[in-house]
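The residues making up each chain are set out below.
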Amino acid sequence: MSYVLREASPAQIRRAAIDSYATWGAPHHTLEQYLAREALSAAAPFSSRRVSVVLLRADQQPDDLEFLCSCELYPRECLYSPSKLPNLEGPKTVVTATCVSVASVFTPEHHRKNGYAAAMMKLVRERIESIPGAVASTLYSDVGDYYGKFGWRRHRSECAYLDPNSKTFIEWTVLSAASGKTVQNIVVTAEGGKSIEPSAIPIDVKAVVEGILSFERDVLVNEMKNRSETCIAVLPTLDTLAWFWSAEDFYAVTFNRSLPSRKGCHISERAYAFWTHNWVEDSLILLIMRFDTTADACGLLGCALEEARNSSLRKVVLWDPSASDALVDLLKSVGIAVVERTHSLSCLAFWGGDAVDEKCLWVRNEKYAWV
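Thresholds applied
- Residues numbered from 1 in each chain as written.
- Predicted model: local features only at pLDDT ≥ 70, side-chain atom pairs only at ≥ 80, totals over all residues.
- Heavy atoms only, no water.
- Helix = DSSP H or I, 4+ residues; strand = E, 2+ residues; numbered from the N terminus.
- Rg over C-alpha atoms; globule rule 2.2 N^0.38 Å.
- Buried < 20%, exposed > 50% of the residue type's maximum accessible area, 1.4 Å probe, protein only.
- Contact = heavy atoms within 4.5 Å.
- Areas by Shrake-Rupley, 256 points an atom, 1.4 Å probe, with all protein chains shown as cover.
- Phe/Tyr/Trp six-rings, centres within 6.5 Å; stacked < 30°, edge-to-face > 60°.
- Lys NZ or Arg CZ within 6 Å of the ring centre and 35° of its normal.
- Pairing = 2+ DSSP bridges.
- Axes fitted to C-alpha atoms, helices over the stretch in contact; angles between N-to-C directions.
- Core = buried A, V, L, I, M, F, W, Y, C linked by side-chain atoms within 4.5 Å.
- Expected span 1.5 Å × (residues − 1).
- Salt bridge = Lys/Arg side-chain N within 4 Å of Asp/Glu carboxyl O.
- Bend = angle between axes of the 7 residues up to and from the residue.
- Polar contact = N/O pair within 3.5 Å; in protein donor to acceptor, adjacent residues only side chain to side chain.

A. Layout of the overall build of the chain. For the chain, the count of helices and strands is eight helices and 16 strands. Computed over the C-alpha atoms, the radius of gyration of the chain is 21 Å, within 12% of the 21 Å expected from 2.2 N^0.38 for a compact globule of 371 residues. Projected onto the principal axes, the alpha-carbon positions of the chain cover approximately 70 × 60 × 40 Å. Burial analysis of the chain (371 residues in total) assigns 53% to the buried set. Pairs at least 24 apart in sequence give 76% of the contacts found in the chain among residues at least 6 apart. Split by element, the accessible area of the chain, about 16500 Å² in all, is 51% carbon and sulfur.

Here you go:
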């Protein structure tokens, strides 16, 4: 059987959403709410380069609604640094490239167990490798190592769970206060159910966030320069953060929760955290967190724990805490273990080096890179 990969029509995109409702929407949403959520996500500036694709038999019409499989492709800016040769002196080169995030891989129930997802992933890999400047692709798997056979190799997928009601919340806040530093909130308000446009974020808040993200880029570049391995890092952007924040506001309205206005906090240009309220999973998830001192880490985490408690969320979640030895030590000191996730497993396909699918280090694999 011969297959083709086509860009999805608006009707096919809607059909994919309807077909996937039972898997990804129910029972937390009605169908109408789920379709509204999908429309909100598609309208966000972050999704402006998104391409939805469907798998068809070669003899099907391009607009056939009885497609076999579907997914979404998100081209994103990343940093790429090739491995350092043993005889090379001086810092490594770090360049800007394109990374394509693959999301929402879905096969309608009546088409499953026919190999359609495998056929689609092979064609998707061919398509994204042909994109000028693309060197890698990310994917988050809920089906274990399935995507490894198509080149998306599983990477470290660790997280840590913090209890907002633990006495640790008070201890960390007190320790931060004793350092003489002030934790400042990052506040963004919007009308629930509508996309948060970066252009609508208050100028002073936007300046703070963009300043932090500019520093974040420098942090990533410096870290990659000091590693001998081939490295990839997805770059966080204001559009990325606004995409998460729009979703949390939509869910707040859907679940009759108070709209969250505190989107993160910062102590200095070198100590900051952004988060998102995940009402479905009853969690406050750290998107990005950076710090120089233990006192700063305590201040940032104390602020996040306070926000979770005020929002009646059951836990605070950190992705990839092992990227920071200091953070792991801090967590261990209060009995918090770093564990492997059982879903949204981080997978990376890489073809930017001399050898296709060369082993590549995914730097700072935090929640902001998820899609």
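Next comes the rest of the description.
B. Looking closely at the packing of aromatic side chains. Tallied over the full model, the rule gives 17 aromatic pairs. Ring centres of Tyr 146 and Phe 150 lie 5.4 Å apart, and the angle between their planes is 70 degrees; this geometry places the pair in the edge-to-face category. The exposure class assigned to Phe 150 is buried, which follows from its relative accessible area of 8%. Every member of this aromatic cluster is reached through a ring pair, and the members are Phe 46, Tyr 74, Trp 243, Phe 244 and Trp 370. For the cation-ring pair, Arg 341 lies above Trp 319, with the distance from its terminal atom to the ring centre recorded as 3.6 Å. When the ring centre of Trp 370 is taken as origin, the NZ or CZ atom of Lys 367, which lies over that ring, is 4.2 Å away.

C. Local environment of the sheet that holds strand E12 (residues 283-290). Spatially, E8-E10-E11-E12-E13-E7-E14 is the arrangement adopted by the seven strands of the open sheet, whose pairing is mixed. Across the chains shown, the open sheet's two edge strands, defined by having one partner strand only, are strand E8 (184-187) and strand E14 (338-340). For this sheet, the mean inter-axis angle between neighbouring strands, taken without regard to orientation, is 30 degrees. Strand direction decides the pairing type here: strand E11 (residues 271-278) and E12, joined by seven bridges, are antiparallel. Bridge pairing in E12 links Tyr 272 to Arg 290.

D. Structural context of the nonpolar core. Val 209, Ile 232, Leu 241, Trp 245, Phe 274, Leu 287 and Ile 288 are the most contacted members of the largest nonpolar core, which totals 52 residues. For this core, the leading source of residues is helix H5 (residues 203-225), giving eight residues. When residues no more than four places from it in sequence are discounted, the contact partners of Ile 288 are Leu 213, Glu 216, Pro 236, Leu 241, Tyr 272, Ala 273, Phe 274, Glu 366 and Tyr 368. In this structure, Ala 160, Trp 279, Leu 300 and Leu 330 belong to the second largest nonpolar core, which totals 31 residues.

E. Structural view of helix H3 (residues 116-129). With 14 residues, H3 should reach 20 Å at 1.5 Å per residue; the first-to-last C-alpha distance of 20 Å fits that figure. Among the residues making up H3, those that are buried are Tyr 116, Ala 117, Ala 118, Ala 119, Met 120, Met 121, Val 124, Arg 125 and Ile 128. Summarising the contacts, the buried residues of H3 are in contact with strand E1 (3-7), strand E2 (51-57), strand E3 (69-81), strand E4 (95-106), strand E5 (134-141) and strand E15 (345-350).

F. Focus on the pattern of salt bridges. Using the criterion set out here, one finds 21 salt bridges in the structure. A salt bridge links Arg 262 to Glu 307; the shortest N-O distance between them is 2.8 Å. With Arg 262 in strand E10 (residues 262-268) and Glu 307 in helix H7 (residues 294-310), the pair connects residues that are 45 residues apart, well separated along the chain. Its relative accessible area of 7% is what places Glu 307 among the buried residues.

G. Here's a closer look at the environment of Ile 336. Here Ile 336 shows up in the loop between helix H8 (325-333) and E14. Ile 336 sits 176 residues away from Ala 160 along the chain, and the two C-alpha atoms are 7.0 Å apart.

H. Looking closely at helix H1 (residues 10-25). Here H1 is 16 residues long, yet its end C-alpha atoms lie only 19 Å apart, well below the 22 Å a rise of 1.5 Å per residue gives. Taking the largest bend as the criterion, H1 deviates by roughly 45 degrees, centred on Asp 19. In the core, the buried residues of H1 are packed alongside E1, helix H2 (31-43), E2, E3 and E4.

I. Here's a closer look at the pairing of strand E9 (residues 231-234). The alternating pattern of E9 places Cys 231 and Ala 233 and Ile 232 and Val 234 on opposite faces, both of which are buried. Here E3 runs beside E9; their pairing, made up of four bridges, is antiparallel. Across the sheet, the residue bridging to Leu 79 is Ala 233, located in E9. Relative to strand E16 (residues 361-362), E9 runs parallel, the two sharing two bridges. Along E16, the bridge assignment pairs Cys 231 with Leu 361.

J. Highlighting the side chain of Arg 262. Relative accessible area serves as the criterion here: at 10%, Arg 262 is assigned to the buried category. Within the structure, Arg 262 has its side chain in polar contact with the side chain of Glu 306 (distance 3.4 Å). Residues in contact with Arg 262, not counting those within four places in the same chain, are Asn 185, Ile 186, Trp 275, His 277, Cys 303, Glu 306, Glu 307 and Asn 310.

K. Structural detail: unusual backbone geometry. A cis amide bond, omega 0 degrees, links Ala 26 with the succeeding residue Pro 27. Unusually for a residue other than glycine, Asn 256 sits at a positive phi of about 55 degrees. Summarising the element assignment, Asn 256 is placed in the loop between helix H6 (238-254) and E10. Residues other than glycine seldom take positive phi values, yet Ser 312 does so here, at roughly 60 degrees. Take Ser 312: it is sitting in the loop between H7 and strand E13 (315-319).

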